[in-house]
Amino acid sequence: AGKLQQRDDLPPLIEAELNWIIGVSYRSMMEPRRALPFLQRAHDIRSRELPSHHEDSLDAMNSLAVAYLGLDEFQHALDLCEEAVEIATVAFGPTDLGVLKLQLGLADTLRIRGDLPNAIALIEETLQLQQIHHPSDSELHSRLLAGLAEAYWDSGDLQRAHRLSQQNIDYC
């Protein structure tokens, strides 16, 4: 990581990718504070070098949001998630698979922040869109069911959470 910060000979997108890899690695080691500068650098470079709707730009934005969540900086995370969903929705349409995945990330951010009614509503809406437009995407379907169960659990509706978790187990 230290070597990367000393280099000035890398093409911008290679530098962005290396920063992103290091940042995501720190984040996966539960070290969001160490991840943050690398993810911010990746986001800054990709924002400058790529269209905002490019998959790598959206990945950088999402990864940075997750790092902010790990630091309990909910507003920063929420702002990035909302921006990513908005950019992707305009570029690809509201039923795009990538948009639905970003919506799940936004809903999870809302849930962690404690905004359970909006989190639940967004997951339910996203689940409906997934079932209509991407019925064969079992990974997203399962992640949506798990997210919805978790949100209902957090809201105190344990019966509904249990039923959704069982539905997810049966689905898998």
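Everything below is about the structure printed above this text.
Residues numbered from 1 in each chain as written. Predicted model: local features only at pLDDT ≥ 70, side-chain atom pairs only at ≥ 80, totals over all residues. Heavy atoms only, no water.

**Thoughts on the packing of aromatic side chains**
Per the stated rule, a full pass over the model turns up one aromatic pair. Between the aromatic rings of Y26 and F38, the centroid separation amounts to 5.8 Å while the plane-to-plane angle is 40°, which identifies the pairing as tilted. With Y26 in helix α2 (residues 12–28) and F38 in helix α3 (residues 32–49), the pair connects residues that are twelve residues apart, well separated along the chain. One exposure class covers both Y26 and F38, and it is buried. (Phe/Tyr/Trp six-rings, centres within 6.5 Å; stacked < 30°, edge-to-face > 60°. Helix = DSSP H or I, 4+ residues; strand = E, 2+ residues; numbered from the N terminus. Buried < 20%, exposed > 50% of the residue type's maximum accessible area, 1.4 Å probe, protein only.)

**Topic: the packing of helix α6 (residues 97–113) against helix α8 (residues 138–155)**
Closest axis-to-axis distance for the α6/α8 pair is 11 Å, and the angle between their directions is 15°. Judged on the interaxial angle alone, α8 and α6 are roughly parallel. Between α6 and α8 lies a crossing of left-handed hand. Mapping the contact onto sequence places L97, L100, K101, L104 and R111 in α6 and L140, R143, L144, E150, A151 and D154 in α8. When grouped by side-chain class, the residues that make up the contact of α6 with α8 number six nonpolar, no polar and five charged. (Axes fitted to C-alpha atoms, helices over the stretch in contact; angles between N-to-C directions. Parallel < 35°, antiparallel > 145°, perpendicular 65-115°, else oblique. Left-handed = near helix turned anticlockwise from the far one by under 90°. Contact = heavy atoms within 4.5 Å. Nonpolar A, V, L, I, M, F, W, Y, C, P; charged D, E, K, R; others polar.)

**Overview of the pattern of salt bridges**
A full pass over the atoms with the stated rule returns eight salt bridges. The residue R41 makes a salt bridge to E15 at a minimum N-O spacing of 2.9 Å. Residue R41 is found in helix α3, and its partner E15 is found in helix α2; the two are separated by 26 residues along the sequence. What makes R41 partly exposed here is its relative accessible area of 33%. When salt bridges with common partners are traced through the structure, they connect D108, R111, E150 and D154 into a single cluster. (Salt bridge = Lys/Arg side-chain N within 4 Å of Asp/Glu carboxyl O.)

**As for a nonpolar patch on the surface**
On the surface, a nonpolar cluster with roughly 230 Å² of combined accessible area is contributed by I14, L18 and I21. With respect to the helices and strands, I21 occurs in helix α2. By relative accessible area, which is 38% here, I21 ends up partly exposed. (Patch = residues over 30% accessible without salt bridge, like charges linked within 9 Å, V, L, I, M, F, W, Y side chains within 5 Å. Areas by Shrake-Rupley, 256 points an atom, 1.4 Å probe, with all protein chains shown as cover.)

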